[in-house]
Amino acid sequence: MPIDLICLDADDTLWHNMRFFDRAEQAIVAMLEPFADAGLTREAMARTEGRNLSLYGYGAKSFTLSMIEVALELGGDDLPVSAVRDILAAGRDLLAHPVELLEDIEATLTALAARGRLVLVTKGDLFHQEAKLAASGLGERFAAVEIVSDKSAETFERLFARHGVDPARAMMAGDSMRSDVLPALTAGAWAAFIPQPLAWSHEVAEAPADAARFRQLSTLAELPGWIDSIG
């Protein structure tokens, strides 16, 4: 059975993303050295980010608010005002960093478009994700763009219904086991996992033990070949 709809994640699947968040986290670790060691600061960031997802969602703005909260928690009344100013500057850098495509992405998208309709499926801040897509120059390659608050099985079920495709003829590919692979499989689609360095702990999950519709790939460039083997 051929694949008709090919859904692709954006951040760290089409372009670099986590390297910039890692750089911002390194900055707050350095800022808070007078109050906490690096391990404690990173633990506080992971805990605070996870707690704040239901309030602020995903993205650079949520991350910036979490950085401020961690700084206030660890620095207390001794935290200088300049630290908050520096955190806000780091947050602005996150929102304004250049969009750097991963290797061979344009050629890979050309190959994938010859095999099915392409839909971009990404989560995060609407304005920021739209800005990154515009800066990437890739927008015209997609038949549709879906910017969602989270990725769940229900998200994919609605998406497949909206695009009029049988889930068994749909594919999702991305760098998150939790958000890209597992919910797509639950919704009845195929799923490709392309791990990237600096994976966010919140997105880590166990791979499916025995799933014929799942494959781990080294790069997105391997996806057209797998789709051909399915068809």
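Structure: above.
Residues numbered from 1 in each chain as written. Predicted model: local features only at pLDDT ≥ 70, side-chain atom pairs only at ≥ 80, totals over all residues. Heavy atoms only, no water.

Colleague: Explain the side chain of Thr48 to me, please; I cannot follow it from the model alone.
Modeller: Mapped onto the elements of the fold, Thr48 is located in helix α2 (residues 38-56). The residues touching Thr48, leaving out its near neighbours within four places in the chain, are Ser66, Glu69, Val70 and Glu73. (Helix = DSSP H or I, 4+ residues; strand = E, 2+ residues; numbered from the N terminus. Contact = heavy atoms within 4.5 Å.)

Colleague: What am I meant to see in the pairing of strand β5 (residues 190-193) here?
Modeller: In regular strands, side chains alternate between the two faces of the sheet. By the alternation rule, side chains of β5 split into Trp190 and Ala192 and Ala191 and Phe193, which are all buried. For strand β4 (residues 170-174) and β5, the ladder comprises 4 bridges, and the chain directions are parallel. The residue bridging Met171 from the neighbouring strand is Trp190, located in β5. In this region the chain leaves β4, passes through helix α8 (residues 177-186) and returns to the parallel neighbour β5; the handedness of that crossover is right-handed. Where β5 and strand β6 (residues 214-216) come together, 3 bridges link them in parallel fashion. For Ala192, the partnering residue across the bridge sits in β6 and is Arg215. (Buried < 20%, exposed > 50% of the residue type's maximum accessible area, 1.4 Å probe, protein only. Pairing = 2+ DSSP bridges. Right-handed = clockwise from strand over helix to strand, strands pointing away.)

Colleague: I tried to follow the pattern of salt bridges on my own but got confused; where do I start?
Modeller: A pair can form between side chains of opposite charge whenever their charged atoms are brought close. One pass over the structure, following the stated rule, counts 13 salt bridges. Here Lys132 makes a salt bridge to Asp11, at a shortest N to O gap of 2.9 Å. Here the residue Lys132 occupies a position in helix α6 (residues 126-136), and Asp11 occupies one in the loop between β1 (5-8) and α1 (18-31), the gap between them amounting to 121 residues. The buried category is assigned to Asp11, whose relative accessible area is 13%. Taking the shortest distance from any N to any O, the salt bridge between Glu146 and Arg162 comes out at 2.8 Å. Taken as a pair, Glu146 in strand β3 (residues 144-148) and Arg162 in helix α7 (residues 153-162) lie far apart in primary sequence, 16 residues in all. Via salt bridges that share partners, Asp9, Lys151 and Asp180 belong to a single interconnected network. (Salt bridge = Lys/Arg side-chain N within 4 Å of Asp/Glu carboxyl O.)

Colleague: Help me understand the layout of surface pockets in this model?
Modeller: Take a probe with the size of a water molecule and roll it over the atoms, and the empty space left behind shows itself. In this structure, the largest pocket spans a volume of roughly 740 Å³. Around the largest pocket, the lining is made up of 42 residues, and of these Asp12, Asn17, Met18, Trp200 and Glu203 lie nearest the centre. At the level of elements, α1, α2, α3 (60-75), β2 (117-123), α6 and α8 are the ones that each hand at least two residues to the lining of the largest pocket. Partitioned by chemical class, the residues of the lining of the largest pocket number 15 nonpolar, 13 polar and 14 charged. In this structure, the second largest pocket spans a volume of roughly 200 Å³. For the second largest pocket, the lining is made up of 13 residues, of which Leu102, Glu103, Gln196, Thr219 and Leu220 are closest to its centre. Within the lining of the second largest pocket, the residues separate by chemical class into 6 nonpolar, 5 polar and 2 charged. (1 Å grid on protein atoms, 1.4 Å probe; cavity = no way out; pocket = protein on both sides within 12 Å on 5 of 7 lines; lining within 4 Å. Points joined across faces, edges and corners; volume = space filled by probe spheres on them. Nonpolar A, V, L, I, M, F, W, Y, C, P; charged D, E, K, R; others polar.)

Colleague: How do you make sense of the packing of α2 against α3 when you look at a structure like this?
Modeller: A pair of packed helices is captured by two measures, namely the crossing angle of their axes and the spacing between those axes. With their axes 9 Å apart at the nearest point, α2 and α3 run at an angle of 130 degrees to one another. Put simply, α2 runs oblique to α3. When you trace α2 past α3, the crossing you get is right-handed. Contact residues: Leu40, Thr41, Ala44, Met45, Arg47, Thr48, Glu49, Arg51, Asn52 and Tyr56 in α2; Ser62, Phe63, Leu65, Ser66, Met67, Glu69, Val70, Glu73 and Leu74 in α3. Residue classes in the contact of α2 with α3 are distributed as 9 nonpolar, 5 polar and 5 charged. (Axes fitted to C-alpha atoms, helices over the stretch in contact; angles between N-to-C directions. Parallel < 35°, antiparallel > 145°, perpendicular 65-115°, else oblique. Left-handed = near helix turned anticlockwise from the far one by under 90°.)

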